[in-house]
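Each chain, letter by letter, is given below.
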Amino acid sequence: MARSREAILASVRRMGGAERPLPEISIAAAPVADPTARFAEMLAEAGGSCSRVERAEQVGDALRELPAVDGARRIWSSVAALASRQPRGAPVVPRDLADLDVAVAAGAPAVAECGAVWVAPADLLGHAALFLAEQVVLVVPRASLVDTLHDAYAALPARP
């Protein structure tokens, strides 16, 4: 078996061939004409929906008016504009979120080309809430909307 391997490798080496430089690949994409509309369209294709508010002080009212939030019995929220609703007391461990109706968190950046949103919960309960909730609501500042995933990766803070 070792002889076959060596024979094949020797044959490849004899064939040689000049090394070629790797091609230059441009990842620059044409800017999206209306990033907000494109984001909403792509999010809808993925099964989500996008609500817009004009001013930051309207976020709380807009959240409370969402059908998922309005009818929710248990809400976990890391967004100051909406208080958590926990009839059995504040969750301490992830299993306390087992029957969570809605999780509300901040996200940024958001990506127009695919409707994706980067979410980085601060702690284990935040991770669990986003995973276990029946509905997830993300609050994304308009200024954090970027055209492409490449732009989103460039916008992420450096990690140690």
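What you see is a predicted model; the values in this text were computed from it and never measured.

About the cut-offs
- Residues numbered from 1 in each chain as written.
- Predicted model: local features only at pLDDT ≥ 70, side-chain atom pairs only at ≥ 80, totals over all residues.
- Heavy atoms only, no water.
- Helix = DSSP H or I, 4+ residues; strand = E, 2+ residues; numbered from the N terminus.
- Buried < 20%, exposed > 50% of the residue type's maximum accessible area, 1.4 Å probe, protein only.
- Contact = heavy atoms within 4.5 Å.
- 1 Å grid on protein atoms, 1.4 Å probe; cavity = no way out; pocket = protein on both sides within 12 Å on 5 of 7 lines; lining within 4 Å.
- Points joined across faces, edges and corners; volume = space filled by probe spheres on them.
- Nonpolar A, V, L, I, M, F, W, Y, C, P; charged D, E, K, R; others polar.

Colleague: Sorry if this is basic, but what is going on with the environment of Asp99 here?
Modeller: Its location among the elements puts Asp99 in the loop between β1 (75–77) and β2 (102–106). Accessibility expressed as a relative area gives 30% for Asp99, which makes it partly exposed. The sequence separation of Asp99 and Arg88 amounts to eleven residues, and the corresponding C-alpha distance is 11 Å. With residues up to four places along the chain from it excluded, the contact list for Asp99 reads Arg73, Arg74 and Arg88.

Colleague: What am I meant to see in the layout of surface pockets here?
Modeller: A probe matching the size of a water molecule, rolled over the atoms, marks out where space remains unfilled. Approximately 1,000 Å³ is the volume found for the largest pocket. Taken together, 32 residues form the lining of the largest pocket, with Ser49, Cys50, Ser51, Leu138 and Val140 sitting closest to its centre. Those elements that provide at least two residues to the lining of the largest pocket are α2 (35–45), α3 (59–65), α4 (67–70), β4 (116–117) and β5 (135–139). In terms of residue count, the dominant contributor to the lining of the largest pocket is β5 (five residues). Among the residues forming the lining of the largest pocket, the class breakdown is 21 nonpolar, seven polar and four charged.

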